[in-house]
Amino acid sequence: MPILSETEFLFIITPFKDKMFRIARRLLVSTEEAEDATQEVILKLWRSRHKFPDYKNPEAYAITMIKNWCLDQLKSKHAQNLKIIHTNYEDHSQSLQKSLEVNDSFRWVEFHMDTLPTNQKLILQLRDIEHFEFSEIADMLDMNETAIRVSLSRARKIIREKLIQTHNYGIK
Amino acid sequence: MALNKIEGLIEKYNDGATTLLEEAQLRNYFSQETIPAHLESYRQLFLYFESDTKQLTQRSIPLGSGKSKKRRRFISVAAALVILFTAFMNITTENDELKLTLDELYAYNETLKAFHLISNQMTKGHKTLSSLNMISSSFEKGKKNINMLGEFNNSTNKIFKIK
């Protein structure tokens, strides 16, 4: 099997590199960190490109990789207090900027999505934003489809309840 | 699409039982402007999902680390060759020196001696030059003293004028 050229590699990567970025952003919150994570994972894939044609689904493989990368990041962040302060600062500036440019109700959805447990957050992202099949999500997260449907249902209901709450709070 | 059908789909959606196609129908339905009030929160949700798909990476990723690795390997090989070559050259030139005949060695030593002599004379000359330097500096001192005498003369002249 010949090693992929740069153009061939980019041809495979390009259709889903934005998905990788969005998943990273969902987990890490900061846009800057999500860009870093995407870059790191793509470079990792590039370095191991001789294995690449063996994977039956490169997209699922790349998304599994970025998910694991981000979870590792989050774990190491828990160990370092300094970094937490740093990202808090970034979140703040980001939400401030957001409030200027994006619809207020969008911000609420994003906020409620942030409060979900990591796994539910990921499943919701993969299904409702990236539109993956349950079988693909099962592969990426190493879970069975029924478990995925259950947590997806839970996540959707939680978000909806919270949205109704904030909506009523605004009126009353 | 009929409202009751939408409500049915939403129920399915909440149970995590909709297919991708049905979810696309829901997104499509909620992208319109007029939505019954009790479904407004779903509109928010689906519009947000739609908007998030527009988040794109801004960074272009510099690949090509593989190429530079190959080049680095080539450079290291070339460097090794250069080192070997120069080492080889050094050894051969050393051999040339050893091939000098006795006469040539003698001539070489004699010229070295001659250069030594010349350099000795040069250092002597240098020493005498430094003594000249000392003389010139003492001249400078004398010159200053004369200047001072001149000034003294000036002031005495002034005194005389006043008188």
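Residues numbered from 1 in each chain as written. Chains lettered and ligands numbered in written order. Predicted model: local features only at pLDDT ≥ 70, side-chain atom pairs only at ≥ 80, totals over all residues.

Trainee: Explain the interface of chain B and chain A to me, please; I cannot follow it from the model alone.
Mentor: It is common to report an interface's size as the accessible area lost on association of the parts. Between chain B and chain A, the residue contacts involve 23 residues of the former and 33 residues of the latter. Those elements giving two or more residues to the side of chain B that touches chain A turn out to be α1 (3–14) and α3 (40–52) of chain B. Looking at which element gives the most residues to the side of chain B that touches chain A, the answer is α3(B), with 7 residues. Among the residues making up the side of chain B that touches chain A, the classes are represented as 9 nonpolar, 11 polar and 3 charged. (Contact = placed C-beta atoms within 7 Å. Helix = DSSP H or I, 4+ residues; strand = E, 2+ residues; numbered from the N terminus. Nonpolar A, V, L, I, M, F, W, Y, C, P; charged D, E, K, R; others polar.)

Trainee: Teacher, can you tell me more about α3(B) here?
Mentor: Side chains three or four residues apart in an α-helix point the same way, a direct result of the helix having 3.6 residues per turn. The terminal C-alpha atoms of α3(B), which comprises 13 residues, lie 19 Å apart, in line with the 18 Å expected from a rise of 1.5 Å per residue. Along α3(B), the residues that are buried comprise Ser41(B), Tyr42(B), Gln44(B), Leu45(B), Phe46(B), Tyr48(B) and Phe49(B). (Expected span 1.5 Å × (residues − 1). Buried ≥ 20, exposed ≤ 12 C-beta atoms within 10 Å, placed from the backbone.)

Trainee: Hey, could you run me through the packing of helix α6 (residues 118–129) of chain A against helix α7 (residues 134–141) of chain A in this one?
Mentor: Packed helix pairs are specified by the crossing angle of their axes together with the interaxial distance, meaning the distance between the axes. All names here are of chain A. One can describe the packing of α6 onto α7 by two numbers: an axis separation of 10 Å at closest approach and a directional angle of 145°. Between α6 and α7 lies a crossing whose hand is right-handed. Two secondary-structure elements touch here, α6 through Leu122, Ile123, Leu126 and Arg127 and α7 through Ile137, Met140 and Leu141. (Axes fitted to C-alpha atoms, helices over the stretch in contact; angles between N-to-C directions. Left-handed = near helix turned anticlockwise from the far one by under 90°.)

Trainee: Before we go on, may I ask you to explain α7(A) in this structure?
Mentor: Listed in full, the buried residues belonging to α7(A) are Phe134(A), Ile137(A) and Met140(A). End-on, the buried residues of α7(A) take up no more than an arc of 120°, which puts them together on one face. (Arc of directions from axis to C-beta.)

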